[in-house]
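Letter by letter, the chains look like this.
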Amino acid sequence: MNVVIGIIAFIAGVGIAYFIFNFLLGSKKEMEIKEAEAEAEVIKKKKMLEAKEHFLHLKAEHEKTANERNSKLSQAENRIKQKESTLSQRMEENQRQKKELDGLRDNLRTQIDLAERKREDLEKAHKQQIERLETISGFSAEQAKNQLVESLKNEARSEAMSYVNEIMDEAKMTATKEAKRIVLQTMQRVASESAVESAVTVFHIENDEMKGRIIGREGRNIRALEAATGVEIIVDDTPEAIVLSAFDPVRREVARLALHQLVTDGRIHPARIEEVVQKLQKQVEDEMVEAGKRTAIDLGVQGLHPELIRIIGKMKYRSSYGQNLLQHSREVANLAAIMASELGLNPKLAKRAGLLHDIGKVPDDEPELPHAVIGMRLAERYKEKPEICNAIGSHHEEMEMTTLLAPIVQVCDAISGSRPGARREVVEAYIKRLKELESLALAYPGVTKTYAIQAGRELRVIVGSERVSDAEAEKLSQDIAKKIHDEMTYPGQVKITVIREMRAISYAK
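Residues numbered from 1 in each chain as written. Predicted model: local features only at pLDDT ≥ 70, side-chain atom pairs only at ≥ 80, totals over all residues. Heavy atoms only, no water.

1. Quick look at the overall build of the protein
Alright, step 1. The helix and strand tally for the protein stands at 14 helices and eight strands.
Alright, step 2. Within the span of the protein, comprising 509 residues, buried residues form 29% of the whole.
Alright, step 3. Pairs at least 24 apart in sequence give 61% of the contacts found in the protein among residues at least 6 apart.
Alright, step 4. On the protein, roughly 35,100 Å² of surface is accessible, and the fraction owed to carbon and sulfur atoms is 56%. (Helix = DSSP H or I, 4+ residues; strand = E, 2+ residues; numbered from the N terminus. Buried < 20%, exposed > 50% of the residue type's maximum accessible area, 1.4 Å probe, protein only. Contact = heavy atoms within 4.5 Å. Areas by Shrake-Rupley, 256 points an atom, 1.4 Å probe, with all protein chains shown as cover.)

2. Comments concerning the environment of Gly-446
Alright, step 1. Tracing the backbone through its elements, the reader meets Gly-446 in the loop between helix H13 (427-442) and strand S6 (447-453).
Alright, step 2. Linking Gly-446 and Ala-473, residues 27 residues apart in sequence, is a C-alpha distance of 9.5 Å.
Alright, step 3. Dropping the residues within four chain positions of it, Gly-446 is found in contact with Ile-462, Val-463, Gly-464, Arg-467 and Val-468.

3. Some details on the sheet that holds strand S8 (residues 495-501)
Alright, step 1. With mixed pairing, the three strands of this open sheet are ordered in space as S6-S7-S8. Two strands close off the open sheet at either side, each with one partner strand: S6 and S8. Averaged over all pairs of adjacent strands, the angle between strand axes in this sheet comes to 20°, irrespective of strand direction.
Alright, step 2. In the packing of helix H14 (residues 470-487) onto the sheet, contacts are made with S6, strand S7 (458-464) and S8, and the angle to S8 comes to roughly 155°. (Pairing = 2+ DSSP bridges. Axes fitted to C-alpha atoms, helices over the stretch in contact; angles between N-to-C directions.)

4. Section: the side chain of Glu-384
Alright, step 1. Locating Glu-384 in the fold gives a position in the loop between helix H10 (371-381) and helix H11 (386-393).
Alright, step 2. The class for Glu-384 is buried, based on a relative accessible area of 10%.
Alright, step 3. Setting aside residues up to four positions removed in sequence, Glu-384 forms contacts with Leu-304, Leu-308, Arg-352, Leu-356, Ala-379 and Cys-389.

5. Comments concerning the pattern of salt bridges
Alright, step 1. Scanning the model with the defined rule gives 18 salt bridges in all.
Alright, step 2. A salt bridge links Arg-119 to Glu-123, with the shortest nitrogen-to-oxygen separation between them at 2.4 Å. Separated by four residues within a single helix, Arg-119 and Glu-123 lie in helix H1 (residues 2-137), roughly one turn from each other.
Alright, step 3. Under the relative-accessibility criterion, Glu-123 is labelled partly exposed at 39%.
Alright, step 4. Glu-458 serves as the salt-bridge partner of Arg-460, at 2.7 Å between the closest nitrogen and oxygen.
Alright, step 5. Look at Arg-460 and you get partly exposed, because its relative accessible area is 31%. (Salt bridge = Lys/Arg side-chain N within 4 Å of Asp/Glu carboxyl O.)

6. So, the environment of Thr-497
Alright, step 1. By secondary structure assignment, the location of Thr-497 is in strand S8.
Alright, step 2. Taking relative accessible area as the criterion, Thr-497 reaches 22% and is therefore assigned partly exposed.
Alright, step 3. Apart from residues no more than four positions distant in its own chain, Thr-497 is found in contact with Glu-458, Leu-459, Arg-460 and Val-461.

7. Considering the confidence of the model for the protein
Alright, step 1. On average, residues of the protein score 79 in pLDDT, and 82% of them reach the 70 mark or higher.
Alright, step 2. When pLDDT is averaged over each element of the protein, H11 comes out on top at 90 and strand S1 (residues 200-204) at the bottom at 66. (pLDDT = per-residue confidence, 0-100.)

8. Comments concerning the nonpolar core
Alright, step 1. With 39 residues, the main nonpolar core has Leu-304, Ile-312, Leu-355, Leu-356 and Cys-412 as its most contacted residues.
Alright, step 2. Those elements that provide at least two residues to this core are helix H6 (270-299), helix H7 (306-314), helix H8 (325-342), helix H9 (347-356), H10, H11 and helix H12 (405-418).
Alright, step 3. Sort the elements by how many residues they give to this core and H8 lands first, with eight residues.
Alright, step 4. Each residue touching Leu-356, except ones within four places of it in the same chain, is listed here: Leu-304, Ile-312, Glu-384, Ile-388 and Ile-392.
Alright, step 5. Ala-224, Val-231, Leu-259 and Tyr-317 belong to the second largest nonpolar core, which has 25 residues in total. (Core = buried A, V, L, I, M, F, W, Y, C linked by side-chain atoms within 4.5 Å.)

9. Quick word on the packing of H6 against H7
Helix-helix packing: each pair is described by the crossing angle between the helix axes and the interaxial distance.
Alright, step 1. Look at H6 against H7: their axes get within 7 Å of each other, and the N-to-C directions meet at 100°. By the angle class used here, H6 and H7 are roughly perpendicular. Contact residues: H6 offers Glu-285, Met-288, Val-289, Ala-291, Gly-292, Lys-293 and Thr-295, while H7 offers Ile-309, Arg-310, Ile-312, Gly-313 and Lys-314.
Alright, step 2. The residue makeup of the contact of H6 with H7, split by class, is five nonpolar, three polar and four charged. (Parallel < 35°, antiparallel > 145°, perpendicular 65-115°, else oblique. Nonpolar A, V, L, I, M, F, W, Y, C, P; charged D, E, K, R; others polar.)

10. Brief notes about helix H5 (residues 249-265)
Quick reminder: α-helices carry 3.6 residues per turn. Residues three or four places apart thus point the same way.
Alright, step 1. Here H5 contains 17 residues, and its C-alpha end-to-end distance of 24 Å stays within 8% of the 24 Å for a straight helix at 1.5 Å per residue.
Alright, step 2. What H5 keeps buried is the set Pro-249, Val-250, Arg-252, Glu-253, Val-254, Ala-255, Leu-257, Ala-258, Leu-259 and Leu-262.
Alright, step 3. Just beyond H5, the residue with positive phi is Gly-266, at close to 90°. (Expected span 1.5 Å × (residues − 1).)

11. Quick look at H7
Alright, step 1. Among the nine residues in H7, seven count as buried, and that is most of the element.
Alright, step 2. Turning to H7, its buried residues number three or more, namely Leu-308, Ile-309, Arg-310, Ile-311, Ile-312, Gly-313 and Lys-314.
Alright, step 3. Those residues of H7 hidden inside the fold are in contact with H5, H6, H8, H9 and H10.

12. Examining the environment of Arg-352
Alright, step 1. In this fold, Arg-352 is placed in helix H9.
Alright, step 2. Each C-alpha atom of the pair Arg-352 and Leu-299 lies 8.7 Å from the other, and the pair is 53 residues apart in sequence.
Alright, step 3. Beyond its immediate chain neighbours, meaning those up to four positions away, Arg-352 contacts Val-301, Gln-302, Gly-303, Leu-304, Glu-384 and Ile-388.
Alright, step 4. Polar side-chain contacts of Arg-352 include one of 2.7 Å to the side chain of Glu-384. (Polar contact = N/O pair within 3.5 Å; in protein donor to acceptor, adjacent residues only side chain to side chain.)

13. Notes on a nonpolar patch on the surface
Alright, step 1. Taken together, the side chains of Ile-7, Phe-10, Ile-11 and Val-14 make up a nonpolar region of the molecular surface, amounting to roughly 420 Å² of accessible area.
Alright, step 2. On the secondary structure map, Ile-11 appears in helix H1.
Alright, step 3. We classify Ile-11 as exposed; its relative accessible area is 55%. (Patch = residues over 30% accessible without salt bridge, like charges linked within 9 Å, V, L, I, M, F, W, Y side chains within 5 Å.)

Below you can see the structure in the form of structure tokens.
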């Protein structure tokens, strides 16, 4: 019973507890709902205020934009009104100017008609005058015009020739004076000795007994020496001398040094000869390189290719018309540098071009080309500047000169080669050149006699006075000079003197 009562009490307690829990939970929910409704009301009012503020802001901006637009429209209307007023004024001005132009046009037409009538009257009067002149002179108008034109042509030609001669004389005087000053100053500042070489070298020995040792048994020593050096060795009756003959100065120098060493050493036999010649060939090659380096240092020429330095040194053993080639190149380099300085050009480039201008005379092979072209190709191969290559290739006019260095090198080459004692010229070539000078001038019409004088530096041309006038004589001298310049090779310059004279001869008997 107690158990039943306890169970019933437990169940009743659980029910009462459940009821109390539900009551409390319902009260809490009602409170939360009321709070949420109050909060939602607050948010709603806030949003309404924000919306009103945003609306008022948009309204203010719209009113501002509308005011600005209205202001712009007002300004545009004012401008349009001003333009309309200006256009109206311009239209009125144009109308006024149009009326004035119409009046001027009418006046101009009247004046044109009057001028046309006057021109017709003048043409009639001119024709009448021409007819009267034709009647008086006996010439037609075309004949008179042709005669007048021909007379004017002759007069203009004579005056033009006189004017040209005056200008040329003045230019020659000025140019010759300035050129002489530059050339003389250049030559005075460069002093150089004259070196003359030939195709033979004389080797002196102490006694003639040494000749037999040099020849050797059955000539084996001399044959071995000739084969090793490529030089012809002449042992004749000349006392205490042996002649070494070859066109290559390098080979002659090797043979001379070999003979000197063999004679000094005393051991002369084929094996020793070959050994000495090989050693001396290497020694001479080293001396050529050293001579090229020393020359470049002395002249202040830098940056040369090693092969160009060797070629420059090789010029020490070559000659041209008896003039040592290396000495000639050094002289041309100094002359070119001084002349370039006088003319306001680069003296370093001029000196470099002058030093290299004859490198084509000492190539390792012998191509059938002018030495100037060979030298230009060598310079191009070893990366020399284009202006230097052109100066080398054109210093004998085998190609066109494109830089100012080219004529400077050409002139300095002529100065170095044509000064007294610098070179020797073969007699046959000299005589041939003189005959060519005389024959060239004698081929011109009106020339009766020609004389090449002063070693070919001046050409005297005698012309017939009845066939050549004074003006034609002047032109003839210019034509001959141009033809000599274009067709002949000559040192320095050639003066052409045309002589025209009248001789009257009679005899008293």
